[in-house]
Amino acid sequence: MDGIDQSPASPSGKNRKSSETDSPKRVKTPMGPLSPVKTGKLLPTPDSSRDYKKLSDHEIQSTITENSDSGIGTLASNSTSALDDTFPLDPEEQLEHLLAETRKILGDSFDSRLFLSGRGQAQLEQIERMADWLLDNINSIAAIYSDAEPEILSKLLSALKAAENNPAHRKELSPHSFAMRSIILLASEKSGAGIESWEAYTQQSPGEKALTLSDPEFWPWIEKHTSWIPEAQAAFLKYVETAFVAARKLSSRHQEDQIVAYKGGFGAGKTSHGKEAFGQDEDAKPLFSGSVAPDSAKHIMRKAMPLSHGTVHLQGSNMAFNLFDGLIDRQGMGTIVYDTSLSRASDIENMIKKAVKAGKPFKVVDIARDDKARMLAVLGRKVDGEDPRIPASFLLAGAKRDRAGRAECLNTVLKSQKSQHIDKKTKETKELIHSYELYCGDSTGSDRQWLVTLKSSESPQWNPDLSKEEIEHRLASQGIRFNADSGLFELLNPSEDWSAVLHKELHKPTRELIGNLSEGEAAVRQKQLMGRTIQFVRPLASKSAEDAYYSLALPLTLTLPKEAFLDAFSVLDAEATQQLLNDMYEASKEEQPISYMDLPTLFALEFNRYLTATPSIWPEKNE
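Since the structure is predicted, the reported quantities are computational estimates derived from the model, not experimental observations.

Draft legend 1. Structural context of unusual backbone geometry. With a phi close to 50°, D447 is a non-glycine residue in the positive phi region. If you trace the backbone, D447 turns up in the loop between β8 (435-440) and β9 (449-455). The class for D447 is partly exposed, based on a relative accessible area of 41%.

The following block contains the structure:
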């Protein structure tokens, strides 16, 4: 699929579940106002001699209150944990418990349309309470079966899909399927089980085989509408309704029949360039909002319940891709814009083929920027904002892919052939010429300039206002050069491990990296990050991450689960981890906060992306 990472399994042998995350320990946290589940619950000590696969009847004392907005009943439990006395380990028996509880709490009145609209607050509360109930019971058995917890939710989801695939159970499960899948997904989001929305909302894969991204059958299967449950298909149609209107508004102002793909990493400046290039509508709103982008598709699911960008990345990318794929063939549509990564030459080759088939020229707008400046821009994003806060591992992997693939991406358009297209209706012939515009910032990541335009089988058109030395310097900042003898672009250092280079640089304090930005951008980043602090309410008992977490100020622990805080250290090497813990130890003794400015940039990125809401002690909370 164009624009979605289809990388094979990682060297470790573990399949990468999406292109948005690739961290050593995938801890998922909600990105909305939902309170995280406390991990230190005081659960009754189980009797290991009991049969934990045996079902029991356990009634939750609760009352149902009516919500005036929707009329949907919500659970107000009189029990703090609502534990089943003997929650089973067997996934099929767990499914029986989940179905019974879903019927009891949600009944038959769960309105998926209202829930997906983002206006079903009462329904979200029901799903949240059910997710907490499920996690409480999973924790109760995980305390006995120490290896069970990471896989319990995944196995439960698999059991649900298998049962629905059985005609004998389908009718019974069908009315509650979407709700149960949402409960499992939200429970995964809270606990860090790593289930993604595409896993939750797809049918059982062909042959009952659990497909992964590295399987050749995966992408043809995931792109079919019938692979998704009806509610997920409805979410796609809802996205199409809004996205098509915005795309049509853009194309009505830019009527040239062409396909434009914006290429560039997070924080590169694609949006700012697009706003300048396409202008505004009659209401002074940017027409570039009509570009088809995975982030806008993700919003359909994220407004229904608090899910991270990583959790909905593949589903959102699939929705955006399917819409864009349909728009390519639409004649007389005008200019359509796709905001994607396009890291590989094969992505561009596929786009050119589709454009030629549709009789349209294809254009790449590549926005290249210093990678450290991009990552600082991501770090500056607000916790409660719409822009995605990206895992450091994904930023590093994306930077490596872009740097390694840019030369061949350029060459793909440079070597593409002009072609003749005959309009079926008018019988007129037009020449299709594909193009590639490369824009690049300076060494500080600012002063974006157009460098070169490439067109099918033509010589490059260089910016006449820039010296040859300046152009070469900016190309070199992206690890490439133009070979005049071959007439092609090439890598400066093909063996370079750019991810490792960046990883080392990002161990430096944020303050040091900000010092390399332009004066104007440095001032912006300082203003954003100075007030974001890690504060301690008591001295650390020892120089350990766990002690550091228990010494954090309450507004921080309320917005950052313990597992997430501990995992944020995993991006650092051992020496940097120990140094940071030493700094935290000393800061806690002196009752001094640590600003993002003084944290290793990698750790600050991870800490910031794991926060579920803006801590109340940060100044920006009241801005």
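Draft legend 2. Spotlight on the side chain of N411. Tracing the sequence through the fold places N411 in helix α15 (residues 392-414). A polar contact of 2.8 Å, which involves the side chain of N411, links it to the backbone nitrogen of F489. When sequence neighbours within four positions are dropped, the list of residues in contact with N411 reads L488 and F489.

Draft legend 3. Structural view of the packing of helix α1 (residues 91-106) against helix α6 (residues 177-191). Put simply, α1 and α6 touch, their axes get as near as 10 Å, and they point 110° apart. On the basis of the axis angle, α1 is roughly perpendicular to α6. The handedness of the crossing between α1 and α6 is right-handed. Every residue of α6 that contacts α1 at L95, L98, L99, T102 and L106 is listed here: A179, M180, I183 and I184.

Draft legend 4. Spotlight on helix α14 (residues 371-379). Judged by how many residues are buried, α14 sits mostly within the fold: nine of nine residues are covered. Along α14, the residues classified as buried are D371, K372, A373, R374, M375, L376, A377, V378 and L379. Considering only its buried residues, α14 is in contact with α15, α17 (498-505), α18 (510-514), α19 (519-530) and α24 (601-610). For α14, the N-terminal capping position is held by D370, with its side-chain oxygen 3.2 Å away from the main-chain nitrogen of K372.

Draft legend 5. View of the pairing of β9. Alignment of β8 against β9, held across six bridges, turns out to be antiparallel. Paired with C440 across the bridge in β9 is Q449. With two bridges joining them, β9 and strand β10 (residues 461-462) adopt antiparallel strand pairing. Along β10, the bridge assignment pairs V452 with W462.

Draft legend 6. Layout of the sheet that holds β8. Read from one edge of the open sheet, six strands run β4-β3-β5-β8-β9-β10, paired in mixed fashion. Of all strands in the sheet, those bounded by a partner on one side alone are β4 (335-340) and β10. Relative to strand β3 (residues 258-263), helix α10 (residues 270-278) is tilted by about 150°, and along the sheet it contacts β3, β4, β5 (362-368) and β8. Most of the contacts of α15 go to β8, to which it runs at about 145°, and overall it touches β3, β5, β8 and β9.

Cut-off values and rules
- Residues numbered from 1 in each chain as written.
- Predicted model: local features only at pLDDT ≥ 70, side-chain atom pairs only at ≥ 80, totals over all residues.
- Heavy atoms only, no water.
- Helix = DSSP H or I, 4+ residues; strand = E, 2+ residues; numbered from the N terminus.
- Buried < 20%, exposed > 50% of the residue type's maximum accessible area, 1.4 Å probe, protein only.
- Polar contact = N/O pair within 3.5 Å; in protein donor to acceptor, adjacent residues only side chain to side chain.
- Contact = heavy atoms within 4.5 Å.
- Axes fitted to C-alpha atoms, helices over the stretch in contact; angles between N-to-C directions.
- Parallel < 35°, antiparallel > 145°, perpendicular 65-115°, else oblique.
- Left-handed = near helix turned anticlockwise from the far one by under 90°.
- Pairing = 2+ DSSP bridges.

Any link to function would need more than the numbers given here.
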